[in-house]
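Spelled out, the chains give:
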Amino acid sequence: MLTKQRVNKRLPEYQEIKELMKRSFPENELYSMCFLMLVSKIKKVDFLAYYDNNNFIGYTYIIQSKKVAYIMYLAVNDKLYSKGYGSQILQDIITTNKDKSIVLDIEPIDEKCNNQEQRKKRYKFYLKNGFKETGYFVEDIEDGSDYLILSTTGNFPKQECEKLLRGLSYGTYKRRYQNKKLKKNNQ
């Protein structure tokens, strides 16, 4: 059974979490660790390190409201891939937030991208673990990149997510949510 602990600067794995974050996400998707730590002091945010028998296996960064748990970051130690830890962490999140829609966004599968296989694996992983497409994507206004939105319910509580992320971003919120079908019709 996995255990978890809130991330703080005194945590022995703090530096390892910072390094894993840099290895796991493109630079344009990262907030500074200083910013994440500051925001994690708010009651609505859970920045958690996960362990198996006291061995660090990964972390999550989740922003929550009464109806939504938005997974901003989930990463498993890259030395421990394919051991089921990602699925165990997701099951813990789903169990802990059983009355909420759990939402996340991922890079869409794109035949032209240089990490196509990684994107396919990630997509299949989330579907295998109970996530569904919502019909929405989010566009990063600054760099124009799109991300596919998945949730455990298949629905996307757009207004709730926007409110949640705007409230915690201190003015750095630069994303626009759109229904995929509406975007295709407007092109």
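Rules behind the numbers
- Residues numbered from 1 in each chain as written.
- Predicted model: local features only at pLDDT ≥ 70, side-chain atom pairs only at ≥ 80, totals over all residues.
- Heavy atoms only, no water.
- Helix = DSSP H or I, 4+ residues; strand = E, 2+ residues; numbered from the N terminus.
- Buried < 20%, exposed > 50% of the residue type's maximum accessible area, 1.4 Å probe, protein only.
- Expected span 1.5 Å × (residues − 1).
- Contact = heavy atoms within 4.5 Å.
- Salt bridge = Lys/Arg side-chain N within 4 Å of Asp/Glu carboxyl O.
- Pairing = 2+ DSSP bridges.
- Axes fitted to C-alpha atoms, helices over the stretch in contact; angles between N-to-C directions.
- Phe/Tyr/Trp six-rings, centres within 6.5 Å; stacked < 30°, edge-to-face > 60°.

Chemist: Could you give an account of unusual backbone geometry, naming the residues involved and the relevant values?
Modeler: For N53, which is not glycine, the phi torsion reads 50° and is therefore positive. Position of N53 among the secondary structure elements: in the loop between β2 (45-52) and β3 (55-64). Classification of N53 by relative accessible area gives exposed; the value is 66%. Within the chain, N54 stands out as a residue other than glycine whose phi angle is a positive 70°. Residue placement: N54 occurs in the loop between β2 and β3. Note on N54: relative accessible area 70%, which makes it exposed.

Chemist: With reference to specific residues and values, describe helix α3 (residues 85-96).
Modeler: Over its 12 residues, α3 runs 16 Å from end to end, which matches the ideal 16 Å to within 8%, given 1.5 Å per residue. Of all the positions in α3, only Y85, G86, S87, I89, L90 and I93 are classed as buried. Contacts made by the buried residues of α3 are with β2, β3, β4 (68-76), β5 (101-106) and α4 (116-128).

Chemist: Run through the pattern of salt bridges, naming residues and quoting values.
Modeler: Oppositely charged side chains are able to pair whenever their charged atoms sit close together. All chains considered together, the criterion is met by six salt bridges. Here K4 and D92 are joined by a salt bridge, their closest N and O atoms 2.7 Å apart. Here D92 lies in helix α3 and K4 lies in strand β1 (residues 3-6), a separation of 88 residues in the sequence. What makes K4 partly exposed here is its relative accessible area of 38%. In this structure D92 comes out as partly exposed when scored by relative accessible area, which is 22%. For the salt bridge of R119 with E107, the shortest nitrogen-to-oxygen distance reads 3.3 Å.

Chemist: Quick one: what's the story with the sheet that holds β1, residue by residue and with numbers?
Modeler: Read from one edge to the other, the open sheet built from eight strands follows the order β1-β2-β3-β4-β5-β7-β6-β8, with strand pairing classed as mixed. What marks the edges here is a single partner per strand, and that holds for β1 and β8 (175-179). Adjacent strand axes in the sheet meet at a mean angle of 30°, parallel and antiparallel pairs treated alike. Sheet analysis places β5 next to strand β7 (residues 146-151), joined by four bridges and oriented antiparallel. Considered in β7, the bridge of I106 is made with L148. Each of β2, β3 and β4 is contacted by helix α1 (residues 14-24), which is oriented at about 70° to β3, the strand it contacts most. Seen against the sheet, α3 touches β1, β2, β3, β4 and β5 and runs at an angle of roughly 160° to β4.

Chemist: Describe the packing of aromatic side chains, with residues and values.
Modeler: One pass over the structure, following the stated rule, counts nine aromatic pairs. With a centroid separation of 6.2 Å and an interplanar angle of 70°, the aromatic rings of Y61 and Y73 are classed as edge-to-face. Here Y73 lies in strand β4 and Y61 lies in strand β3, a separation of 12 residues in the sequence. Overall, Y73 belongs to the buried group, its relative accessible area being 2%. Aromatic ring contacts, followed pair by pair, group F25, F47, Y59, Y61 and Y73 into a single cluster.

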